[in-house]
Each structure stands twice: as C-alpha cells, then as structure tokens.
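Take a look at the letters that make up each chain.
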Amino acid sequence: MKISERSNPARYQAALVSAALRSGVGHDASDADLDQAATMAGLRPPALAESREAVRGALQCPVDFMDVTDSPDAVVGGNDIGQAVFDAASELRPLVVFDHDGRPVVMVPQPVEESV
C-alpha cells in the first residue's frame, strides 16, 4: 500500500522516520540522505519541506521514558516528555520513543473523527 505525503502526511512522515532510523540517518540528515532513505523503503522522496522538518525533528528529540539511551538530545524529564507528546499530537507529526530496551519506536498521531 502506498503512503501519500499529501493525503496522509503524519503516516508518510512516520514511515520516513522509520526508514531513516533503519538506514542510520541522524537528525542532521541532508535532503539527499532523506531521499535515499525514502527510496530504500519504497517511498517517494519527500516533496514538502514540512515533511523533512518533521522527520528531522522526530530524529533530533526522541522521547526516553526509561532513560535507557545515551542520546544527548533525548527528552527524559516528566514535564518535558508530556510536552513532547502533546506537541506531536497537536501538530500531527511523528514522535520517536525509546522502548525499555532502548530501541526506537515511531509513534503516529491518529486524529479521531467526530461523528456529526
């Protein structure tokens, strides 16, 4: 199933974050790095600057609930973690969270449509 950057940006960005993590791309990834990670994952390279920014942001500030990673940029404080989760949900952008073994997991905000 193809993931569309324009019709489902959060899902596309999450897929690109996963692809970047698998390929070892860091938060300082160049456009070429992100394009290559996308292509290797079977995605189209990102066309929107917002997608590139969201991916870099997710890679730069992962959430570490258990303080299991050595990442100097990881969000580890209770209030900071809450704010990071709230911001990702509010902005409909992916969030990288480290599990209890220090493995990165990509979380995708999924808005709930209200019935009319």
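Residues numbered from 1 in each chain as written. Predicted model: local features only at pLDDT ≥ 70, side-chain atom pairs only at ≥ 80, totals over all residues. Heavy atoms only, no water.

Draft legend 1. Main features of the overall build of the chain. Scanning the chain from N- to C-terminus turns up four helices and three strands. Reading the helices (α) and strands (β) of the chain from amino to carboxyl end gives α-α-α-β-α-β-β. The C-alpha radius of gyration of the chain comes to 14 Å, within 12% of the 13 Å expected for a compact globule of 116 residues. Along the first, second and third principal axes, the C-alpha atoms of the chain reach 45 × 35 × 20 Å. Here the chain holds 116 residues, and 35% of them are scored as buried. In the chain, 50% of the contacts between residues at least 6 apart in sequence involve partners at least 24 apart. Total accessible area on the chain is roughly 7,200 Å²; 51% of this is exposed by carbon and sulfur atoms. (Helix = DSSP H or I, 4+ residues; strand = E, 2+ residues; numbered from the N terminus. Rg over C-alpha atoms; globule rule 2.2 N^0.38 Å. Buried < 20%, exposed > 50% of the residue type's maximum accessible area, 1.4 Å probe, protein only. Contact = heavy atoms within 4.5 Å. Areas by Shrake-Rupley, 256 points an atom, 1.4 Å probe, with all protein chains shown as cover.)

Draft legend 2. View of the packing of helix H1 (residues 9-23) against helix H3 (residues 49-60). With their axes 9 Å apart at the nearest point, H1 and H3 run at an angle of 50° to one another. Between H1 and H3, the angle falls in the class oblique. Both H1 and H3 take part in a crossing whose hand is right-handed. Across the interface between the two elements, Tyr12, Gln13, Leu16, Val17, Ala20 and Leu21 of H1 pack against Glu50, Ser51, Ala54, Val55, Ala58 and Leu59 of H3. (Axes fitted to C-alpha atoms, helices over the stretch in contact; angles between N-to-C directions. Parallel < 35°, antiparallel > 145°, perpendicular 65-115°, else oblique. Left-handed = near helix turned anticlockwise from the far one by under 90°.)

Draft legend 3. Region of interest: the layout of surface pockets. Here the largest pocket is characterised by a volume of approximately 190 Å³. Taken together, Lys2, Ile3, Ser4, Glu5, Arg6, Tyr12, Gly42, Leu43, Arg44, Pro45 and Ala47 make up the lining of the largest pocket. Its residues assigned to classes, the lining of the largest pocket comprises five nonpolar, two polar and four charged. (1 Å grid on protein atoms, 1.4 Å probe; cavity = no way out; pocket = protein on both sides within 12 Å on 5 of 7 lines; lining within 4 Å. Points joined across faces, edges and corners; volume = space filled by probe spheres on them. Nonpolar A, V, L, I, M, F, W, Y, C, P; charged D, E, K, R; others polar.)

Draft legend 4. Layout of the sheet that holds strand S3 (residues 104-107). Taken together, the three strands give an open sheet; going across it, the order is S1-S2-S3, and neighbouring strands pair in mixed fashion. One side of each edge strand has no neighbouring strand; the edge strands of this open sheet are strand S1 (63-64) and S3. Two elements, S1 and strand S2 (residues 95-98), share two bridges in a ladder whose sense is parallel. Across the sheet, Val63 pairs through a bridge with Val97, a residue of S2. Strands in contact with H1 are S2 and S3; relative to S3, the strand with the most contacts, it is inclined by about 165°. (Pairing = 2+ DSSP bridges.)

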